[in-house]
Amino acid sequence: MLHKYIDNVRAVGPRIHCITNYVTANDVANILLACGASPILADAEEEAEDIAGICSGVCLNMGTLNPGKLRAMIKAGKRANELGRPVILDPVGVSSSAFRKNSARTLLEEVRFTAVRGNISEIKTLALESGGAAGVDAAAADRVTEKNLPSVIAFAERFSAHTGAVIIISGEIDIVCTAEKAYVIKNGHLMMSRITGSGCMLSALTAAFIAANPENVLSASAAAVMTMGICGEAAYERMADTADGTSTFRTYLIDAVSNIDGDNLERRAKYEIC
Amino acid sequence: MLHKYIDNVRAVGPRIHCITNYVTANDVANILLACGASPILADAEEEAEDIAGICSGVCLNMGTLNPGKLRAMIKAGKRANELGRPVILDPVGVSSSAFRKNSARTLLEEVRFTAVRGNISEIKTLALESGGAAGVDAAAADRVTEKNLPSVIAFAERFSAHTGAVIIISGEIDIVCTAEKAYVIKNGHLMMSRITGSGCMLSALTAAFIAANPENVLSASAAAVMTMGICGEAAYERMADTADGTSTFRTYLIDAVSNIDGDNLERRAKYEIC
Amino acid sequence: MLHKYIDNVRAVGPRIHCITNYVTANDVANILLACGASPILADAEEEAEDIAGICSGVCLNMGTLNPGKLRAMIKAGKRANELGRPVILDPVGVSSSAFRKNSARTLLEEVRFTAVRGNISEIKTLALESGGAAGVDAAAADRVTEKNLPSVIAFAERFSAHTGAVIIISGEIDIVCTAEKAYVIKNGHLMMSRITGSGCMLSALTAAFIAANPENVLSASAAAVMTMGICGEAAYERMADTADGTSTFRTYLIDAVSNIDGDNLERRAKYEIC
C-alpha cells in the first residue's frame, strides 16, 4: 500500500520549486534528486511565478528569510494555488523573531497550503500566529510524548481544520494528520537532530511525494515522513567505524534515500492510524 | 599532450572569481581547491570589479539569480574583459523564466565570454535569445545522440562564431568547440546527473583550466570536460558498498578531482576531434 | 585543564547566531551541531536584533558580504554587546576589495568584539584599517614561521590591546592572544587548507567555546583552535584508501568534531604559553 507513493515519485520525477534557505539548499536539492524528483531552487521575485508555473509542486522554507524572499514565496505560492498544484510550508525557526512570525502570518493569509511541516514548537507558534479557532492546547508541550500524544493530535487536527493543510509535526514521534485522520509514525533516529537540514530535506521530500501522488495527500505525506525516518535508521545502522560521526551520517542518509524502494518502505514502516 | 593542462592548473593555482548560486557554492569552491585553483566567491556589486581585478578568471553562474547578482556579473565580466582575462558563462536553467532569458541576453550583450557551458537545452535557449545568425538548428534536439551529433556540432560551431566563445555542451556526449574545431568527448557517468552541481563544478573547473592555459582555450576547455568526466567514472567505479548512493558518489567525485594527475587524464580520455 | 572547555560546550549547548557566507554555511551549521552547540543562521536586518537576543553568542563572517548583511551584522553585534554576550569577527578576504575594508572598519567602530579570527594577511589588513596604535609590524610577514614568530606575537598583542579582542591568527602555527598572554599552537594539518570552510568553521567553533566558557575567553579560544587542529590531524590519519581526497577529509573532519572529548583534547594538544 505504501509501495506506490515512492514508486510514483521515481516514475513521475516531479519538478519541485524550492524557495529555501542557503544553509541546507544543497542537501535539499540532493535529497530531491535522490528520491527521483527534479529540483529547481530559485528565490528571485522576478521569476517566482514563471518557475512555479513549470513545476508540479512548490516548497516554501523560511530559513534565512528576507523580505525579497518572502515576496517571491507569496508569488510562487499564489501561482501554484491558481494551477491547483501543491504548496508546502516549512516555518523554520518561526518563533525566533517578530519578522518570521509576521511573515508566517502573511504566508498563511496569502497562500493556501497543502501541507505544513515543522517541529512541535514551530507548529505551535504558527497556530498561535494564525489565530482563530486553532489555538494552542496547553497540553501541546514542546516535546511530543506517549502521554501528551492524544492532546497534540487533537491540536494538530484543529490546526488542519483551520488551515485546510495536512499538518506534519516532526520529532521522536511524528504526527501527520488532516482534521479527521492522523498517522502516528515512529521511524527515525536521534542522529537526525545532530545534523542541519533533516527538517528541510523532509519538507522537500514531502513536496515531491505529494506532487507525485496528488490524489492521496495525507498518505503521501505520511509515506514521505516514513521514508525519511527509515533512511535515518538505515544511515545509523550503517555507521560501523568508531570514528564515524555526524557528517558520515549525513552522507549515508542521502545515500539511503537514493537507494530506498517500495519494499523497504513497506517492510520498515512503523505507524498507527488514529 | 593533455597532461600539461592539469599540470598547469596545479602549478599556477589560478585564482577564480565565482559569482554563483548558493545551492552548489560549496561544491564549486571545493572543486576549485581540489584541482589546485583558488576560489573567491563574492556576488556584491559593490566589490565585483575589485574582486575580478585580482583574479585570473571569472565564472558567472546563473543559478539563484537576482537583479543585484546580475549587476555584479556585468561589472565583474567587464573588468575581466578589460584586463584580457577569461570569463565563463553557465546559463543555469535559462529557459525556466523570462527573467533568466532577459538576463542571459543582457550578459551576452555586455560581456565578451571566453567560454559558455550548459546542457543542450540551455545552449539552445541561449542561442535563440542571442538572436542573429546563430539560430537553432531544428536537428539540435534536447538530447545529443550519435544520430544528431553532426547537426548539433554544426549548431554549436555557428553559435561559437556568433559569440566568439568556446561552446561547451554537456551531456552523455560532450561537445567542446570553436567555429572551426570540435572535440567530441565520451567520458562521464550517468550518476553525475543524479547529484546537484555537476554542471556548476564543471564550469568552475573550466574557468580554472582556461585561466592556467590562456594560450589554448579550446584544448584547455576540452581537458576540463574530460577531467570531470573521468573523475565521474572513477567515483562510480569506487562505489563498492551496496548501500553507497548519490551522496557517497559526490564525495568520491570531489576526491577524484583532488587526486587526478596528468597521467590519469591522458590514459582515460575518450575523445575525437572533428 | 583543557578538558572543561569542550565539556562545557557539550553540557551547555550554547545557541550561536551566525551571519555568515553561503559558501560554507552548511559546514558552519554542522560543525556547531557536531560540537554540541545549536546554530541559528539568519542574515536579514529585519530580525538581526531578535535573533541575537535569544542567542548566547554571535559570529560575524564577512564572506559573500553585501550591504544588507553588513547592516544585519551591526545590529546583531550591538545587541550582543548590550547583553554582554560574546561577538566573534571573521574578516574573510578583507584585503580583496575596498568594500570589505570599509565594512571591516565600520564593524570595528560599531561593535566591540570578543575575538577576531583570520589568517595573517586578514589580520594584518584589519589592523591597518583599524588605524591607531596597532599598526602592522614589518616583520609580520604573510606566513608565520618560527623565525618571525616573536614579532608576529608582538603585533597580535598590540592589536589585541587596541581592540580589546582576543586575536586568533590561524595558519601552520596558530597564535591566540590577549595584550598580555599568547598561546602558540601547533596542531592542525595542511589538508585543512585544501577544503573551503576550515576557517569559517573554526570561527563558529570559537564562538561556541567562548559562549560556553564566558569567564575564560582566552583559554576557551585556544581550546577551540586546538580542537579544530586535532580534528584535522585525526581526519587526515583516518584517510586509508589511496582514492581518499579532499571531500572525504571534510567528512572526517566534521565526524571528528562530533566525536572528540576532553580526553582527546587534553592528550593531543600541542601548545606553549608565552
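Structure shown above.
Source: prediction; values computed, not measured.

Peer 1: Before we move on, could you go through helix α6 (residues 120–130) of chain B and cite the residues and values that matter?
Peer 2: All names here are of chain B. Burial within α6 is extensive, with nine of its 11 residues counted as buried. The complete set of buried residues in α6 reads Ile120, Glu122, Ile123, Lys124, Thr125, Leu126, Ala127, Glu129 and Ser130. The elements touched by buried residues of α6 are β4 (87–90), α5 (98–110), β5 (115–119), α7 (149–163) and β6 (166–170). Put simply, Asn119 is the residue that caps the front of α6, since its side-chain oxygen is 3.1 Å from the backbone nitrogen of Ser121.

Peer 1: Just give me the short version of the relation of the copies chain A and chain C, but keep the residues and values in it.
Peer 2: For the pair chain A and chain C, the relating rotation is 120 degrees, the translation along its axis is 0.0 Å, and the fit reaches an RMSD of 0.0 Å. The symmetry that links the two subunits is that of a three-fold axis. The C-alpha atom lying nearest the rotation axis in chain A is that of Tyr22 of chain A; the distance is 3.4 Å. An asymmetric contact is evident, with only 7% of the interface residues of chain A recurring at the interface of chain C.

Peer 1: Can you explain the interface of chain C and chain B? Please cite residues and give values.
Peer 2: In this complex, chain C contributes 27 residues to the contact, which on the side of chain B involves 27 residues. Arg100 of chain C is the partner of Glu47 of chain B in a salt bridge, and the nearest nitrogen-oxygen pair spans 2.9 Å. The interface formed by chain C and chain B contains 20 residue pairs in polar contact (both at pLDDT 80 or more). Those elements that place two or more of their residues in the side of chain C that touches chain B are α5 (98–110) and α10 (246–259) of chain C. The element that contributes the greatest number of residues to the side of chain C that touches chain B is α10 of chain C, accounting for five residues. Considering only residue class, the side of chain C that touches chain B consists of eight nonpolar, 13 polar and six charged.

Peer 1: An account of unusual backbone geometry is requested, with residue identities and associated values reported.
Peer 2: Although it is not a glycine, Thr64 of chain B sits at a positive phi angle of roughly 40 degrees. By the element assignment, Thr64 of chain B lies in the loop between β3 (57–61) and α4 (67–83).

Peer 1: Explain the relation of the copies chain C and chain B residue by residue, including any values.
Peer 2: Superposing chain C onto chain B takes a rotation of 120 degrees plus a shift of 0.0 Å along the axis, which leaves an RMSD of 0.0 Å. A different interface surface on each copy is seen, since only 7% of the contact residues of chain C are contact residues in chain B too.

Peer 1: Please give an account of the interface of chain A and chain C that cites residues and values.
Peer 2: Contacts between the two partners involve 27 residues from chain A, matched on the other side by 27 residues from chain C. For the chain A and chain C pair, buried surface summed over both sides reaches about 2100 Å², with 46% attributable to carbon and sulfur atoms. Its largest share of buried area at the contact with chain C, chain A owes to Tyr22, Val23 and Arg194 of chain A, together 27% of the area lost on that side. Our count for the chain A to chain C interface comes out at three salt bridges. As a salt-bridge pair, Arg238 of chain C and Asp241 of chain A come within 4.0 Å of each other at their nearest N and O atoms.

Peer 1: Give a description of the pairing of β5 of chain B that names residues and reports values.
Peer 2: By the criterion of burial, β5 of chain B is predominantly enclosed, with four of the five residues buried. After leaving β4 of chain B, the chain enters α5 of chain B and then returns to the sheet as β5 of chain B, a path that is right-handed.

Peer 1: Residues and numbers for the sheet that holds strand β9 (residues 271–273) of chain B, please.
Peer 2: Whenever strands of a sheet pair, they do so through backbone hydrogen bonds, lying parallel or antiparallel. Residue and element names in this part refer to chain B. The nine strands are arranged β2-β1-β3-β4-β5-β6-β7-β8-β9 in an open sheet whose pairing can be described as mixed. The two strands at the open ends of the sheet, each matched to only one other strand, are β2 (38–41) and β9. In this sheet, neighbouring strand axes are inclined to one another by 15 degrees on average, regardless of whether the strands run parallel or antiparallel. Alignment of β5 against β6, held across five bridges, turns out to be parallel. In the strand pairing of β6, Asn119 is matched with Ser170.

Peer 1: Before we move on, can you summarise the pattern of salt bridges with the specific residues and values?
Peer 2: Residue and element names in this part refer to chain B. Here the structure, examined in full by the defined rule, presents 50 salt bridges over all chains. Lys69 serves as the salt-bridge partner of Asp43, at 3.8 Å between the closest nitrogen and oxygen. Here Asp43 is found in the loop between β2 and α3 (48–53), whereas its partner Lys69 is found in helix α4, with 26 residues between them in sequence. Between Glu233 and Lys270 there is a salt bridge, and its shortest N-O distance comes to 3.8 Å.

Peer 1: Break down the environment of Asn8 of chain A for me, citing the residues and quoting the values.
Peer 2: All names here are of chain A. Among the secondary structure elements, Asn8 is positioned in helix α1 (residues 3–12). The sequence separation of Asn8 and Phe209 amounts to 201 residues, and the corresponding C-alpha distance is 7.9 Å. Excluding its chain neighbours within four sequence positions, the residues that come into contact with Asn8 are Gly13, Ala212 and Asn213. Within polar-contact distance, the side chain of Asn8 engages the side chain of Asn213 at 2.6 Å.

Peer 1: An account of helix α8 (residues 198–212) of chain B is needed here, citing residue identities and associated values.
Peer 2: Compared with the 21 Å implied by 1.5 Å per residue over 15 residues, the 21 Å span of α8 of chain B between its first and last C-alpha is a close match. Of all 15 residues in α8 of chain B, 14 are buried, a share of seventy percent or more.

Peer 1: I'd like a rundown of the sheet that holds strand β9 (residues 271–273) of chain A, residues and numbers included.
Peer 2: All names here are of chain A. In space, the nine strands of this open sheet follow the order β2-β1-β3-β4-β5-β6-β7-β8-β9, with mixed pairing throughout. A strand with exactly one partner marks an edge of an open sheet, and here the two such strands are β2 (38–41) and β9. Across the sheet, the axes of successive neighbouring strands diverge by a mean angle of 15 degrees, strand direction being ignored. As paired strands, strand β6 (residues 166–170) and strand β7 (residues 174–177) are joined by three bridges and run antiparallel to one another. Its bridge partner being in β7, Ile167 is matched across the sheet by Cys177. Across the sheet, helix α7 (residues 149–163) lies against β6, β7 and β8 (182–185), angled at about 145 degrees from β6, the strand it touches most. Its contacts with the sheet put helix α9 (residues 217–238) on β6, β7, β8 and β9, and the angle it makes with β8 is roughly 5 degrees.

So, how was this worked out
Residues numbered from 1 in each chain as written. Chains lettered and ligands numbered in written order. Predicted model: local features only at pLDDT ≥ 70, side-chain atom pairs only at ≥ 80, totals over all residues. Heavy atoms only, no water. Buried < 20%, exposed > 50% of the residue type's maximum accessible area, 1.4 Å probe, protein only. Helix = DSSP H or I, 4+ residues; strand = E, 2+ residues; numbered from the N terminus. Contact = heavy atoms within 4.5 Å. Polar contact = N/O pair within 3.5 Å; in protein donor to acceptor, adjacent residues only side chain to side chain. Least-squares fit on C-alpha atoms with pLDDT ≥ 70 in both. Salt bridge = Lys/Arg side-chain N within 4 Å of Asp/Glu carboxyl O. Nonpolar A, V, L, I, M, F, W, Y, C, P; charged D, E, K, R; others polar. Buried area = accessible area lost by both parts, 1.4 Å probe. Right-handed = clockwise from strand over helix to strand, strands pointing away. Pairing = 2+ DSSP bridges. Axes fitted to C-alpha atoms, helices over the stretch in contact; angles between N-to-C directions. Expected span 1.5 Å × (residues − 1).

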